[in-house]
Amino acid sequence: MNIALHPFDALMDITPRPPVVFVRGEGGWLWDDTGKRYLDFIQGWAVNCLGHSPPAIAEALTAQAKLLLTPSPAFYNAPSLELAQALVTSSCFDQVFFTNSGAEAIEGAIKLARKYGALHCNGAYEIITFDGAFHGRTLAAMSASGKKAFEPLFEPKVQGFPKARLNDLDSVKQLIGNNTIAVMLEPIQGEAGVWPATDEFLQGLRELTTQHGLLLIVDEIQTGIGRTGKLFCYEQAGIVPDIMALGKGLGGGVPLGALLATEAASCFEHGDQGGTFNGSPLMCAAGLAVLNEVGQPDFLKSVTDNGLHLAGELQRISARHGLGSVRGQGLLLALDLKRPIGAAVVACALEEGLLLNAPRPDTLRFMPALNVTREEIALMIAQFDAILGKLGVARCVG
Ligand SMILES: *Cc1c(COP(=O)(O)O)cnc(C)c1O
């Protein structure tokens, strides 16, 4: 062992990280090891839907940890049965397979679609996905993604993911062939910079896929669990998809994802799918604590209200500084900066004790806790306003 190594150096260097070590979180706030406090509008990448270390999750985890960590994935356990029941009751799906991450849920969705093709459609296996899509970092999930930076990586990719253009139904039609089994998309492309699929497009896709006997798969890893003001974003368009992937907010901060399918699409047979930690009672206990709060109508209404309020405040700041438009829904919002100052804003904000995210050089994304307060929004807006002033972003007169 090299004793000269900096503690940071023992971790694989997979992304640029600021030299800050976080040690504590509470609600909308994080503290680093020097005691500096940060207002968090990233929340673990839209993960901590109830904020940092919420009592409901801490208590659920503590109680479950004392009761049972895992009996084995080949046995039933109470929290996974209860959470599956809750998800099935509150969605259009009939069955659930729990995973440890979003990418693993996507991987499962891909396998389920291919299994469906093998059983019902002469081995059709192609899944039409979209330019700009992000589905995760397993090899198949990267192959399904439409992220330019992924293109040269880890060749050869998993085959069978032709790419269409979001909100362009003709581009999907043109790709449908004998080998097509499904279409998969994010209702709002999150990592690409918060680009929503329109309701008409989602409705058109549902009609088209039904016509051709294809499965419609929604990746709601970022949009699901109340993020957009509905429990699931597909509800907004009034469509019934066949398969859904969940992650991020489902565990409220612990590693938990889920693959959901309608009865007709849920076709795994023994031996097709599994995993050591899948459906862990500990993680499912956290998921239950999340769903108990987020699933309440009042809670979802507050997400919508706070989302509209935050969008209005961002528009006001944008007009003041001559920036672009606000996109998104609920508490998944992006602001077009119209110039490549995203990284500078993020760095300046960190300095000032505010955590912001720039998914693209000219875009900021806002994904606070779903129970963010008006005071926290006001604080963030005031700090953001000051940062834009400091960076010398031109103010419009009046
Ligand atoms: C984060 C994300 C994933 C990947 O989830 P992981 O838990 O990081 O594997 C997939 N799809 C979307 C839309 C995401 O936002």
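Structure first, text after, so check above.
I will try to describe carefully the structure that is included in this document. Here the structure is a predicted model, which means the values were calculated and not measured. (Residues numbered from 1 in each chain as written. Predicted model: local features only at pLDDT ≥ 70, side-chain atom pairs only at ≥ 80, totals over all residues. Heavy atoms only, no water.)

Put simply, side chains in a regular strand alternate between the two faces of the sheet. Burial along strand β17 (residues 363-366) is two-sided: the residues Thr-363 and Arg-365 and Leu-364 and Phe-366 are all buried. When strand β14 (residues 332-336) meets β17, the two strands line up antiparallel, connected through four bridges. Across the sheet, the residue bridging to Ala-334 is Arg-365, located in β17. Summarising the sheet, strand β16 (residues 357-360) and β17 pair through two bridges and their orientation is antiparallel. (Buried < 20%, exposed > 50% of the residue type's maximum accessible area, 1.4 Å probe, protein only. Helix = DSSP H or I, 4+ residues; strand = E, 2+ residues; numbered from the N terminus. Pairing = 2+ DSSP bridges.)

A few words on a nonpolar patch on the surface. A contiguous nonpolar patch, built from Phe-8, Val-21 and Val-23 and spanning about 250 Å² of accessible area, is present on the exposed surface. Along the polypeptide, Val-21 turns up in the segment before β1 (22-26). (Patch = residues over 30% accessible without salt bridge, like charges linked within 9 Å, V, L, I, M, F, W, Y side chains within 5 Å. Areas by Shrake-Rupley, 256 points an atom, 1.4 Å probe, with all protein chains shown as cover. Salt bridge = Lys/Arg side-chain N within 4 Å of Asp/Glu carboxyl O.)

Time to look at the nonpolar core. Met-380 and Phe-384 are the most contacted members of the largest nonpolar core, which has 82 residues in total. Here this core takes nine residues from helix α8 (residues 281-294), the largest share from any one element. For Phe-384, the contacting residues outside a window of four places in its chain are Leu-314, Ile-317, Leu-335, Val-345, Leu-354, Leu-356, Leu-364 and Phe-366. With 26 residues, the next largest nonpolar core counts Ala-140, Ile-181, Ile-221 and Ala-261 among its residues. (Core = buried A, V, L, I, M, F, W, Y, C linked by side-chain atoms within 4.5 Å. Contact = heavy atoms within 4.5 Å.)

What follows covers the packing of helix α10 (residues 342-352) against helix α11 (residues 374-390). Interhelical geometry of α10 versus α11 gives an angle of 120 degrees and a closest axis separation of 10 Å. Looking at the two axes, α10 sits oblique to α11. Where α10 crosses over α11, the two elements pack in a sense that is right-handed. In this structure, α10 contributes Val-345, Cys-348, Ala-349 and Glu-352 to the contact, and α11 contributes Gln-383, Phe-384, Ile-387, Leu-388 and Lys-390. For the contact of α10 with α11, the residue count by class is six nonpolar, one polar and two charged. (Axes fitted to C-alpha atoms, helices over the stretch in contact; angles between N-to-C directions. Parallel < 35°, antiparallel > 145°, perpendicular 65-115°, else oblique. Left-handed = near helix turned anticlockwise from the far one by under 90°. Nonpolar A, V, L, I, M, F, W, Y, C, P; charged D, E, K, R; others polar.)

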